[in-house]
Amino acid sequence: MDAAMLYALRDPAGVPSHPLVFLVLGVLTWALHIAAVQVMLGASALTLYGAFSRNPYWRRLAAAMLSTAKVAVSVAIVLGVAPLLFVQVIYDPFWYTANVLSARWVIGFIVILIVAYLAMYLFYYRNPRLATQPVRGAWHLVISLLLMLVVGWIMHVLSYQMLLPEQWMSWYAPNGQIDPSGKSLHGYSVTRFSFFILLSVAVVAAWLFAYRRYLMGRNAEDAGYIAWLLPLAHRLMLVGGVLAVASGALWLATLPEKMAWFATSAWIWVSAAALLATAFFPRLLGHKLDQSLWGYVPFALGAVALIVVGTAREALRYFTLFGSHGYDALDYKVNMDWYSTSLFFITFAVLGGVILGYLLTVAWKAGQTEGVYTPSRAITRLGNLSIGLLVLWVVQFFAVGFYVWAR
Ligand code: HEM
């Protein structure tokens, strides 16, 4: 597939802002997406393990991690849409071809995701008191976890097929016979997928440090449980760190020839340093983990490490498509649209900041309060402001739409 053909597949309308904006936002939102995915996978696995334990602390953890997993799925889905939008803007020739080649799986993706999420809720429905009562219908959660992995596998194949334009024709027309069914998943790398999935162990360990720090703000009855969580989080972080390094090395050792440059690039050294720093940091902190906000730092550091890993992943894509196929994602024709660009950033910063700030504050305070939580006047004002901003946003959106339509 030559560069001219790839360029011909671009949208002739161009993109509404500089392509670098989409590239950077794509990396940032993907890092957040994969963080939520990893919390969800790790929390589901801990739930399954804890649900069969006789240890009351394990059972309590299972119940808490089930709640975490339920929320993490929805966060992963919302944060999955953002990179989906960005990748199809600047890499449209690759993303759409990869999708069409496996079209049935792309459509099946959403059905599988719905069944996976429902299975998780069925498990929750059947186990409202997981902390104290014997587990029922554990297979629901096993199915949910397996289907979530299938969903991730589909996303992996799409991300990977886009890197292999030289194979598209042989997938579309094997032996010269056109197969437009889209029924197959053609290109994949088990080692690359394993690396992203196994990172869940370290990410959920970082999550456990934050979880126990959060519990410290509540009541003294939790002391035994909080003490029990600490060595568990340390152990998981150690295992997670080893798994991340081992599976990452295996991925790099199995890179196809045209991507082999990546294995010895600076991107890898920086990513490895970020991951190792995350793995060792809780040990360095020692007792500080229990003081002020330090308990949350391992998770914050993990998020930064994931942004670094996401940047390296993007470098692999950008330079492979540029170096081997002559496609430069950053030379997309710009058809500047100031309204949509400023609307995006204002929505993100102002509405996102105020509304998320309100919701997180309420959730945080409610979780730290014994009995019924009553918000202060300042927080209530923040809630009213959130509603006002949403109304204003909807009104301006339709007003501008009607104005443009009537012109
Ligand atoms: C809930 C289960 C999910 C899992 C386990 C999962 C896992 C993954 C993994 C492992 C990757 C990296 C693939 C690779 O680079 O090889 C990925 C990429 C991606 N995921 Fe998810 N994902 C899930 C759900 C979703 C959903 C619901 C969406 C969208 C609505 C989504 C959107 C994306 C996109 C767009 C990418 C590629 C981004 C890019 O290449 O720039 N994912 N996902």
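Residues numbered from 1 in each chain as written. Predicted model: local features only at pLDDT ≥ 70, side-chain atom pairs only at ≥ 80, totals over all residues. Heavy atoms only, no water.

Contact geometry of helix α2 (residues 19-51) with helix α8 (residues 190-216) gives a least axis separation of 7 Å together with a crossing angle of 80 degrees. Comparing their axes, α8 and α2 come out roughly perpendicular. Between α2 and α8, the contacting residues are Trp30, Ala35, Gln38, Val39, Leu41, Gly42, Ala43 and Leu46 on the first element and Phe196, Ile197, Leu199, Ser200, Val203, Val204, Trp207 and Leu208 on the second. Classifying every residue of the contact of α2 with α8 gives 13 nonpolar, 3 polar and no charged. (Axes fitted to C-alpha atoms, helices over the stretch in contact; angles between N-to-C directions. Helix = DSSP H or I, 4+ residues; strand = E, 2+ residues; numbered from the N terminus. Parallel < 35°, antiparallel > 145°, perpendicular 65-115°, else oblique. Contact = heavy atoms within 4.5 Å. Nonpolar A, V, L, I, M, F, W, Y, C, P; charged D, E, K, R; others polar.)

Moving on, we get to the packing of aromatic side chains. By the definition in use, this model includes 33 aromatic pairs. When the ring of tryptophan 261 is compared with that of phenylalanine 262, the centres are 5.7 Å apart and the planes differ by 75 degrees; the resulting orientation is edge-to-face. Since its relative accessible area comes to 30%, tryptophan 261 is described here as partly exposed. Ring centres of tryptophan 267 and phenylalanine 319 lie 6.5 Å apart, and the angle between their planes is 40 degrees; on these two criteria the pair is classed as tilted. One end of the pair, tryptophan 267, is in helix α10 (residues 266-285); the other, phenylalanine 319, is in helix α11 (residues 297-325), and 52 residues separate them in sequence. What links up through ring pairs into an aromatic cluster is the set Trp30, Phe195, Phe196, Trp251, Trp261, Phe262, Trp267, Tyr318, Phe319 and Phe322. Above the ring of tyrosine 124, the side-chain terminus of lysine 70 is found at 3.5 Å from the ring centroid. For the cation-ring pair, arginine 313 lies above tryptophan 30, with the distance from its terminal atom to the ring centre recorded as 4.1 Å. (Phe/Tyr/Trp six-rings, centres within 6.5 Å; stacked < 30°, edge-to-face > 60°. Buried < 20%, exposed > 50% of the residue type's maximum accessible area, 1.4 Å probe, protein only. Lys NZ or Arg CZ within 6 Å of the ring centre and 35° of its normal.)

What follows concerns the coordination of the iron atom of the ligand. One donor from the polypeptide reaches the iron atom of the ligand: His33 (NE2), at 2.2 Å. Here histidine 33 shows up in helix α2. (Donors = N, O, S within 2.8 Å, 3.2 Å for Na, K, Ca; no water.)

Take the domain arrangement of the protein next. The domain boundaries assigned to the protein delineate domain 1 (3-336) and domain 2 (337-407). When each unit is reduced to the centre of its C-alpha atoms, the spacing between domain 1 and domain 2 is 28 Å. Of the roughly 940 Å² buried between domain 1 and domain 2, counting both surfaces, carbon and sulfur atoms make up 57%. Counting the surface domain 1 buries against domain 2, the share from its top three residues, Tyr214, Arg218 and Met336, is 51%. Inspection of the domain 1/domain 2 interface yields 0 salt bridges. Our count for the contact surface shared by domain 1 and domain 2 stands at 5 residue pairs in polar contact (both at pLDDT 80 or more). (Domains from an automatic or database assignment. Buried area = accessible area lost by both parts, 1.4 Å probe. Salt bridge = Lys/Arg side-chain N within 4 Å of Asp/Glu carboxyl O. Polar contact = N/O pair within 3.5 Å; in protein donor to acceptor, adjacent residues only side chain to side chain.)

Once that is clear, we can look at the environment of tryptophan 228. Structurally, tryptophan 228 is set in helix α9 (residues 223-253). In this structure, the C-alpha to C-alpha distance between tryptophan 228 and serine 342, residues 114 residues apart in sequence, is 49 Å. Not counting residues within four places of it along the chain, the set of residues in contact with tryptophan 228 comprises Asn55, Tyr57, Trp58 and Leu61.

Residues Leu61, Tyr91, Leu208 and Tyr211 are the most contacted members of the largest nonpolar core, which totals 101 residues. In terms of residue count, the dominant contributor to this core is α2 (16 residues). If near-sequence neighbours (up to four positions away) are discounted, tyrosine 91 is found in contact with Leu23, Met162, Glu314, Arg317, Tyr318, Leu321, Tyr327 and Ala329. (Core = buried A, V, L, I, M, F, W, Y, C linked by side-chain atoms within 4.5 Å.)

The next subject is helix α5 (residues 103-126). If you check α5, its first and last C-alpha atoms are 35 Å apart, about what 24 residues at 1.5 Å a residue would give, namely 34 Å. The largest bend in α5 is about 30 degrees, located at phenylalanine 109. Within α5, the full set of buried residues consists of Gly108, Phe109, Ile112, Leu113, Ala116, Tyr117, Ala119, Met120 and Phe123. Residues of α5 that are buried in the fold lie against α2, α3 (56-90) and α6 (138-161). (Expected span 1.5 Å × (residues − 1). Bend = angle between axes of the 7 residues up to and from the residue.)

What follows is about the side chain of glutamine 88. Here glutamine 88 is to be found in helix α3. Only 3.1 Å separates the side chain of glutamine 88 from the backbone oxygen of leucine 84, close enough to count as a polar contact. Look past the residues within four positions of glutamine 88 in its chain and what remains in contact with it is Trp95 and Tyr96.

Moving on: the environment of proline 298. Note on placement: proline 298 falls in helix α11. Along the chain, proline 298 and alanine 315 lie 17 residues apart, while their C-alpha atoms are 25 Å from each other. Ignoring sequence-local partners within four residues, the contact set of proline 298 consists of Ala206, Phe209, Thr278, Pro282, Leu285 and Leu289.

In this section: the pattern of salt bridges. A side chain of one charge can pair with a side chain of the opposite charge if their charged atoms are brought near each other. All told, the structure shown has 6 salt bridges when counted by the stated rule. Residue aspartate 179 pairs with lysine 183 through a salt bridge whose shortest N-O separation is 3.5 Å. On the basis of relative accessibility, which here comes to 46%, the residue lysine 183 falls in the partly exposed class. The closest approach of N and O atoms between glutamate 314 and arginine 317, which form a salt bridge, is 2.8 Å. Of this pair, glutamate 314 and arginine 317 both sit in helix α11, 3 residues apart, which is roughly one turn of that helix. Accessibility expressed as a relative area gives 8% for glutamate 314, which makes it buried.

Right, let's get into a nonpolar patch on the surface. On the surface, a cluster of nonpolar side chains totalling about 700 Å² of accessible area is made up of Tyr339, Val394, Phe397, Phe398, Phe402 and Trp405. At 5 residues, the largest contribution of residues to the nonpolar patch is made by helix α13 (residues 377-406). Looking at the secondary structure, you find valine 394 in helix α13. (Patch = residues over 30% accessible without salt bridge, like charges linked within 9 Å, V, L, I, M, F, W, Y side chains within 5 Å. Areas by Shrake-Rupley, 256 points an atom, 1.4 Å probe, with all protein chains shown as cover.)

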